[in-house]
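Structural description and commentary
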Amino acid sequence: MPNGSSRGIYIKDYATGHTVKNNIIYARGTLGALIQKATTGSATIDYNCYYKSSYTGQFIWNGTSYDTLAAWQTASSQDTNSIASNPLFIDAANGNFKLNPHSLCVNAGTDVSLTEDYEGLKIRHAPDIGAHENQANVLFFAWFLRDFLGVNK
Ligand SMILES: [Ca+2]
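On a predicted model such as this, the values are computed, not experimentally measured, just so you know. (Residues numbered from 1 in each chain as written. Predicted model: local features only at pLDDT ≥ 70, side-chain atom pairs only at ≥ 80, totals over all residues.)

What follows covers the overall build of the protein. Counting its secondary structure elements, the protein contains 2 helices and 11 strands. Ordered by position from the N terminus, the helices and strands of the protein form the series β-β-β-β-β-β-β-β-α-β-β-β-α. Residue burial in the protein is summarised as follows: out of 153 residues, 27% are buried. In the protein, 58% of the contacts between residues at least 6 apart in sequence involve partners at least 24 apart. (Helix = DSSP H or I, 4+ residues; strand = E, 2+ residues; numbered from the N terminus. Buried ≥ 20, exposed ≤ 12 C-beta atoms within 10 Å, placed from the backbone. Contact = placed C-beta atoms within 7 Å.)

Structure (structure tokens):
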């Protein structure tokens, strides 16, 4: 989310039936809202990760602003399973939004009927929050097998 008065996710007036799940909303700027639902309409919002690096960003529900995920959860009865955490992208500054294996987003998502991530890699264990499914355990096992079998030595 860039600087300014932008919003990570904006559910406009009279929008109904929207589902917002497994998203990472990552704010590096000032002002703006991580998520805003207008005063009319409805949505189902859960299993998301919210991160703001340096400002008192808002969660805006029906025209009222809240500073924390906990306050937003109480006011909206949404995002029960969501987290407020740095998602630990590998290199966000250079556009690498894959997750560090220690990210709290790993295995913290919910089934949204996808079998593959943004790049076509299989969903492993519980889905991760975000576009990329962490493959660290697969890589570790591949390296283990390579070393165990003596391949590439
Ligand atoms: Ca997973």
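Don't stop here, the text continues.
Turning to the nonpolar core, a few remarks are in order. Counting 20 residues, the largest nonpolar core has Ile25, Leu34, Cys49, Phe59, Cys105 and Ile129 as its most contacted members. Contributions of two or more residues to this core are made by β3 (24-27), β4 (33-37), β6 (49-52) and β7 (58-61). What Ile129 contacts, discounting residues up to four positions off in sequence, is Asn22, Ile24, Tyr47, Asn48, Cys49, Cys105, Ala108 and Gly109. (Core = buried A, V, L, I, M, F, W, Y, C linked by C-beta atoms within 7 Å.)

Moving on, we come to unusual backbone geometry. Most peptide bonds adopt trans geometry, and most residues besides glycine take a negative phi value. We note that Asn22 has phi near 65 degrees; this positive angle belongs to a residue other than glycine. The backbone of Ser113 sits at a positive phi, close to 65 degrees, despite the residue not being glycine. Following the sequence through the fold, Ser113 ends up in the loop between β11 (96-99) and α2 (136-149). Overall, the presence of 4 C-beta atoms within 10 Å leaves Ser113 in the exposed class.

Another point: the confidence of the model for the protein. Summing up the model confidence of the protein, the mean pLDDT is 87 and the portion of residues at 70 or higher is 85%. Looking across the protein, the model is least confident in α2, with a mean pLDDT of 68, and most confident in strand β9 (residues 83-84), with 97. (pLDDT = per-residue confidence, 0-100.)

This part takes up the sheet that holds β4. With respect to topology, 4 strands assemble into an open sheet ordered β1-β4-β7-β8, the strand pairing being mixed. Looking at which strands have only one partner, the edges of the open sheet turn out to be β1 (7-11) and β8 (64-66). Taking each pair of neighbouring strands and ignoring which way they run, the sheet shows an average axis angle of 10 degrees. (Pairing = 2+ DSSP bridges. Axes fitted to C-alpha atoms, helices over the stretch in contact; angles between N-to-C directions.)

Next up on the list: the pairing of β4. Of all 5 residues that make up β4, 4 are buried, and the element is covered over most of its length. Note that β1 and β4 share 4 bridges and pair parallel. Bridging from a neighbouring strand, Tyr10 pairs with Gln36 of β4. Taken together, the 4 bridges between β4 and β7 define a ladder with parallel strand orientation.

So, on to the environment of Ile45. Along the chain, Ile45 turns up in strand β5 (residues 43-46). For Ile45, a count of 24 C-beta atoms within 10 Å corresponds to the buried category. Residues Ile45 and Gln78, spaced 33 residues apart in sequence, show a C-alpha to C-alpha distance of 5.5 Å. Setting aside its immediate chain neighbours within four residues, Ile45 contacts Val20, Gln78 and Asp79.

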